[in-house]
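What follows is each chain in one-letter form.
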Amino acid sequence: MDCLKINTHSPEETQKLGMAIGEVAEPGDVYLLIGNLGAGKTCLTQGIAWGLGVKGYALSPSFVLVRQLLGRLPLYHIDLYRLDRLDEIADLGLEDYLYGRGVSVVEWADKGMSLLPAEHLLIRLDCPAENERTLELVAKGKRYQRRVERLESIWCGKTKHAAGD
Ligand SMILES: Nc1ncnc2c1ncn2[C@@H]1O[C@H](COP(=O)(O)OP(=O)(O)OP(=O)(O)O)[C@@H](O)[C@H]1O
Ligand SMILES: [Mg+2]
């Protein structure tokens, strides 16, 4: 299974999806996030951090390009928003994170796609209405197909269960 499309209706629901992603994450995973300002990339990443067991990841606006956090695995939260040129991104030396044993989450990944690993889980976020977000998870590579399959069973299983309550 390559692709999973999910709608969320609140920031909390997006965080909850992030938590599910954090729970199924394995060492070396790379999640590339693409979506406009306010699409919910940071909100999702916060959930991923919680799902990995990072305690109290409250985000404040900052100029930090890479945040390192420790949960069950290391989490590298990378935000390329302030960078526009490929050589600036190349100069960050992201390889140690991207090809390490932790989990890398990259906001504004579209700014540096050619420098990022070809195998990854692509997450496209869109904002069709004020509190609604669509998140499209696309597996690029076999290992990420397995993540998508697990997320489908966790998330869609939950939804069906909730609907039956
Ligand atoms: N369903 C939803 N999922 C996520 N965020 C939502 C949702 N509904 C409303 N929001 C709001 O949208 C905003 C998302 O902000 P967030 O910082 O996560 O976006 P972002 O994609 O990281 O933006 P930026 O490009 O500025 O980093 C928050 O203010 C959040 O409260
Ligand atoms: Mg953000």
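The coordinates are above.
Cut-off values and rules
- Residues numbered from 1 in each chain as written.
- Chains lettered and ligands numbered in written order.
- Predicted model: local features only at pLDDT ≥ 70, side-chain atom pairs only at ≥ 80, totals over all residues.
- Heavy atoms only, no water.
- Core = buried A, V, L, I, M, F, W, Y, C linked by side-chain atoms within 4.5 Å.
- Buried < 20%, exposed > 50% of the residue type's maximum accessible area, 1.4 Å probe, protein only.
- Helix = DSSP H or I, 4+ residues; strand = E, 2+ residues; numbered from the N terminus.
- Contact = heavy atoms within 4.5 Å.
- Donors = N, O, S within 2.8 Å, 3.2 Å for Na, K, Ca; no water.
- Axes fitted to C-alpha atoms, helices over the stretch in contact; angles between N-to-C directions.
- Parallel < 35°, antiparallel > 145°, perpendicular 65-115°, else oblique.
- Left-handed = near helix turned anticlockwise from the far one by under 90°.
- Phe/Tyr/Trp six-rings, centres within 6.5 Å; stacked < 30°, edge-to-face > 60°.

Student: Whenever I open this one, the nonpolar core confuses me. Can you help?
Tutor: The nonpolar side chains of a soluble globular protein tend to be buried with one another. Ranked by internal contacts, the top residues of the largest apolar core, which has 48 residues, are Ile21, Tyr31 and Ile123. With five residues, the top contributor of residues to this core is strand β2 (residues 30-34). Once residues lying within four places of it in the same chain are set aside, the contact partners of isoleucine 123 are Ile21, Leu32, Leu33, Ile34, Leu44, Leu135, Glu136 and Leu137.

Student: I'm lost on the coordination of the magnesium ion (ligand 2) in this one. Help?
Tutor: Six octahedral donors at a metal ideally form angles of 90 or 180 degrees, and four tetrahedral donors ideally form angles of 109.5 degrees. Those protein atoms acting as donors to the magnesium ion (ligand 2) are Thr42 (OG1) and Glu107 (OE), and they sit at 2.0 to 2.2 Å. Taken together, the residues span a long stretch of sequence, with threonine 42 in helix α2 (residues 41-51) and glutamate 107 in strand β5 (residues 103-107) at a distance of 65 residues. Residue classification places threonine 42 among the partly exposed residues on the basis of a relative accessible area of 30%. A relative accessible area of 3% means that glutamate 107 is categorised as buried.

Student: Sorry, what's going on with the packing of helix α1 (residues 11-24) against α2 here?
Tutor: A pair of packed helices is characterised by two quantities: the angle between their axes and the separation of those axes. Two elements in contact, α1 and α2, have axes whose closest approach is 6 Å; the angle formed by their N-to-C orientations is 45 degrees. Considering their axes alone, α1 and α2 lie oblique with respect to each other. Judged by the sense of rotation from one axis to the other, the crossing of α1 with α2 is right-handed. Touching Pro11, Thr14, Gln15, Leu17, Gly18, Met19, Ile21, Gly22 and Glu23 of α1 are Cys43, Leu44, Gln46, Gly47, Ile48, Trp50 and Gly51, all from α2.

Student: Is there a simple way to think about the packing of aromatic side chains in this case?
Tutor: The description of two aromatic rings rests on the distance between their centres and on the angle between their planes. Tallying each qualifying case throughout the model produces two aromatic pairs. A centroid spacing of 4.8 Å and a plane angle of 55 degrees characterise the contact between tyrosine 76 and tyrosine 97, whose relative ring orientation is tilted. Of this pair, tyrosine 76 sits in strand β4 (residues 74-79) while tyrosine 97 sits in helix α4 (residues 95-98); the two residues are 21 residues apart in sequence, bridging distant segments of the chain. Residue tyrosine 76 shares its accessibility class with tyrosine 97, and that shared class is buried. Taking the centre distance of 5.2 Å and the plane angle of 40 degrees together, the rings of tyrosine 81 and tryptophan 108 count as tilted.

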